[in-house]
Structure formats: structure tokens, C-alpha cells
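Read off the chains here:
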Amino acid sequence: MTTHRFGHVALMGPPNAGKSTLLNHFLGQKLAIVSPKPQTTRNAIRGILSTGDTQIVFLDTPGVHRMAGRMNRLLLEAAWGALSQADAVVLILDMQLYSKKPHLFDREIAPLTDPIGRVGKPVFIAANKVDAIRPKEKMLPLLLRVGQAFPQAEIFPVSAATGEGVADLLAAVTKVVPEGPAQYPEDQLSTASLRFLAAEIIREKLFLELEQELPYNTIVEIEQWEEPEAGAALINACIHVARSTHKGMVIGKGGQLLKKIGTAARIELEVMLERPVHLELWVKVREDWTEDTAFLREMGLGE
Ligand SMILES: Nc1nc2c(ncn2[C@@H]2O[C@H](COP(=O)(O)OP(=O)(O)OP(=O)(O)O)[C@@H](O)[C@H]2O)c(=O)[nH]1
Ligand SMILES: [Mg+2]
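Residues numbered from 1 in each chain as written. Chains lettered and ligands numbered in written order. Predicted model: local features only at pLDDT ≥ 70, side-chain atom pairs only at ≥ 80, totals over all residues. Heavy atoms only, no water.

Here we take up helix 9 (residues 256-273). With 18 residues, helix 9 should reach 26 Å at 1.5 Å per residue; the first-to-last C-alpha distance of 25 Å fits that figure. Taken together, the buried positions of helix 9 are occupied by Leu-258, Ile-261, Gly-262, Ala-265, Leu-269 and Leu-273. For helix 9, the buried positions fall inside an angular range of 95° around the axis, keeping them on one side. Exposed and facing more than 90 degrees away from the buried side of helix 9 are Gln-256, Lys-259 and Val-271. Residues of helix 9 that are buried make contact with helix 7 (194-209), strand 7 (218-226), strand 8 (233-241), helix 8 (244-251) and strand 9 (277-285). Once helix 9 ends, the next one or two residues include Glu-274, with phi positive near 55°. (Helix = DSSP H or I, 4+ residues; strand = E, 2+ residues; numbered from the N terminus. Expected span 1.5 Å × (residues − 1). Buried < 20%, exposed > 50% of the residue type's maximum accessible area, 1.4 Å probe, protein only. Arc of directions from axis to C-beta. Contact = heavy atoms within 4.5 Å.)

Structure representation (C-alpha cells):
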């Protein structure tokens, strides 16, 4: 008889490295939102992988960065806070970025070497986006630099997008997960509520559709949620923006942009809830919400 394993594994790394994409690949379905913009993830999201003899709770975290501001400080706290709860750490690095811009390697890696060196837990490195590195010969010197920066870690070249190398990484991670019984039902994918995941889906569409700094100044609040016995679920969501000038930019000419965001979000919500969804989106100005501690706490950011 094999013993059952249970543990927590933190997914950490610089912004945009592919942490959320890797989580979704581990789970075999989309849970965490993904966008080409850095700082997409704002909360430490738990994704639960159950394989019969192992249950791993992966903690997706906000990117580890050096930006100022109250919300950014809370994002950093969420990322480093995940470490203390973890039995092992997977550090995800964007190798495509470093192959194109080698000078960014030191800037992103330097703040990580000390804290990762001191974690006292198994560390795995997902050297990610190998599918996008051209020519392939650029890989080896980069992998050597990663090895020098994190001598205690085991390194796995992977592509979270194609899945290349991910199974080997998962097998290695599984080996260090401690023995213990499952803590969640086998079919539970996350500890996050459907309301939270719905707000995240809408936020993903904002990140995909809005330009430049605008998405960072938006946050989504679910205001009404009804799942009647039959027919469509009714979801009303408010998109808070930080300035009155942002409101029109989110709505777009003749309401076109907001409509596009709403349609894309609704289609995914219908998959998640397995029923038709009637989604209404509202845009409200809440001046400087990114610096409003009470509001940030209300929205689940920070303790
Ligand atoms: N080519 C390629 N792109 C990838 C890979 N993994 C992730 N990406 C892309 O990289 C971008 C960022 O991915 P995310 O998963 O959102 O990254 P993240 O680390 O969670 O980012 P934050 O939450 O913003 O810190 C997205 O556009 C992904 O599609 C990969 O293996 N190969
Ligand atoms: Mg993310």
C-alpha cells in the first residue's frame, strides 16, 4: 500500500513569469487568470490537485516586484506570506525575457536569492517559456546562471504554455510533499468562492482589453449574485475605477468596450457555472481606491 501525501506548494516568482499559467497546467483546467501584463494576480489563490494518492494545494501568488504604493505592498506581503505556509517552493522564471534582455536577470533575481536561499524548504525552479527561446543555444548559459543564483534548487526547463517538462517538475515536487491524509474533497478545485472567481474572470478581461496603466486602476466587486432553480444566473458586478477620466475609457465609444468585456466574461462564467448567465457590468468612480486601506481589505487584499 502506498502512503497518502498532502502538502502546500508555493508558486512564486517575478511578475509575468507564468505562475498562474503553470498552476492551471498542474490542475489541468483554468482556475487562475492569465494576461500578458505583469501584476495580473492580486490574491494568493489556492488550487487543489488531487491524484488519488497525493493532494497538493498550490498557492499562486502575486509577482515579486519592487513597486511602491499601498496595494503593491499588500501584493508583496501576499506573495512572501505564502512561503511560510508552504512545504516546498516552485520559483518560476521567465527565461524568454532573460534570453532577450539579459540585464534584467540580475535585477529580477537579486532580490530573490537571499530569501529563497533561507527558506529551509525544498526549492524547485521552473525555467519557464522554453518554447519561446530562439535560438535554443541561448538556454544553456542562462540555466547555468540560474544554478549559480540558487545552488540549493533543482532546475526544470519547462513551458507552462505547451506543458513541456511540467510532468517531470510535478513528479519531483510530489516526492517532497509530506505524508498525510487529504484535507479537501477530491473534486474541489480551489478554496476560493465562485463569487471571487467570477470577479477574477471579469478582471482578466479588463487586463486583456484595457491599455497601459488602466487595468491596474480597476477592481471588480460582485454586487448581486442569484442562482435561481431554473434559468440564467444573475450577476451584477461593479468595476471600480480610480479617476473619473477612467470611467469613459473603460466604457468605450458608445459602450462598445464594456460590452466586449462583458461578453467575453459571460462566456467564461457560463462554463464555470454550467448554466446561462445574465451579466450586468457597472463602472463606478472611487477616487484613489488603490491607496484606501479599508476598501482594499474589504476587497480581500491584505489582512
Ligand atoms: N510562450 C510562452 N508564454 C507563456 C508561458 N507561460 C506563460 N506565458 C505567458 O506569459 C504571460 C504571463 O503569464 P501569467 O501566467 O499571467 O504570469 P504570472 O506569473 O501569473 O503573472 P502575474 O500574476 O502578473 O505576476 C501570459 O501572456 C502567458 O500566456 C510559456 O511557457 N511560454
Ligand atoms: Mg498570475
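That covers the picture; the talk isn't over yet.
A separate point is the sheet that holds strand 9. Spatially, 7-8-9 is the arrangement adopted by the three strands of the open sheet, whose pairing is mixed. Each of the sheet's edge strands pairs with one partner strand only, and the pair in question is strand 7 and strand 9. The mean inter-strand angle of the sheet, taken between neighbouring strand axes irrespective of direction, is 20°. Where strand 8 meets strand 9, nine bridges bridge the pair, whose relative direction is parallel. (Pairing = 2+ DSSP bridges. Axes fitted to C-alpha atoms, helices over the stretch in contact; angles between N-to-C directions.)

For the rest of this paragraph, the subject is the pattern of salt bridges. Once their charged atoms are close, side chains differing in charge can pair, the charge on each being opposite to the other. Taken as a whole and judged by the stated rule, the model has 13 salt bridges. Across the salt bridge formed by Glu-270 and Arg-266, the nearest N and O atoms sit 3.3 Å from each other. Here Glu-270 pairs with Arg-266, and both are found in helix 9, just four residues apart, close to one helical turn. Residues joined in a network through salt bridges with shared partners are Lys-30, Glu-204, Lys-205 and Glu-268. (Salt bridge = Lys/Arg side-chain N within 4 Å of Asp/Glu carboxyl O.)

Turning our attention to the site of ligand 1. In the neighbourhood of ligand 1, 23 residues make up the surrounding shell, with Lys-19, Thr-21, Gln-39, Thr-40 and Asp-131 lying closest. The separation between an oxygen atom of ligand 1 and a polar main-chain atom of Gly-18 is 2.9 Å. Separating an oxygen atom of ligand 1 from a backbone N or O atom of Ser-35 is a distance of 3.4 Å. With the chains in place, 87% of the 660 Å² that ligand 1 exposes on its own is no longer accessible. At three residues, the largest contribution of residues to the shell around ligand 1 is made by helix 1 (residues 19-27). Across the shell around ligand 1, the residue classes break down as eight nonpolar, eleven polar and four charged. (Near = heavy atom within 4 Å. Polar contact = N/O pair within 3.5 Å; in protein donor to acceptor, adjacent residues only side chain to side chain. Areas by Shrake-Rupley, 256 points an atom, 1.4 Å probe, with all protein chains shown as cover. Nonpolar A, V, L, I, M, F, W, Y, C, P; charged D, E, K, R; others polar.)

So, on to the packing of helix 7 against helix 9. Two elements in contact, helix 7 and helix 9, have axes separated by 9 Å at closest approach and are oriented at 145°. Note on packing geometry: the crossing formed by helix 7 with helix 9 is right-handed. The residues of helix 9 that touch helix 7, namely those facing Leu-194, Leu-197, Ala-198, Ile-201, Ile-202, Glu-204, Lys-205, Leu-206 and Glu-209, are Leu-257, Lys-260, Ile-261, Ala-264, Ala-265, Glu-268, Leu-269, Met-272 and Leu-273. Its residues assigned to classes, the contact of helix 7 with helix 9 comprises 13 nonpolar, no polar and five charged. (Left-handed = near helix turned anticlockwise from the far one by under 90°.)

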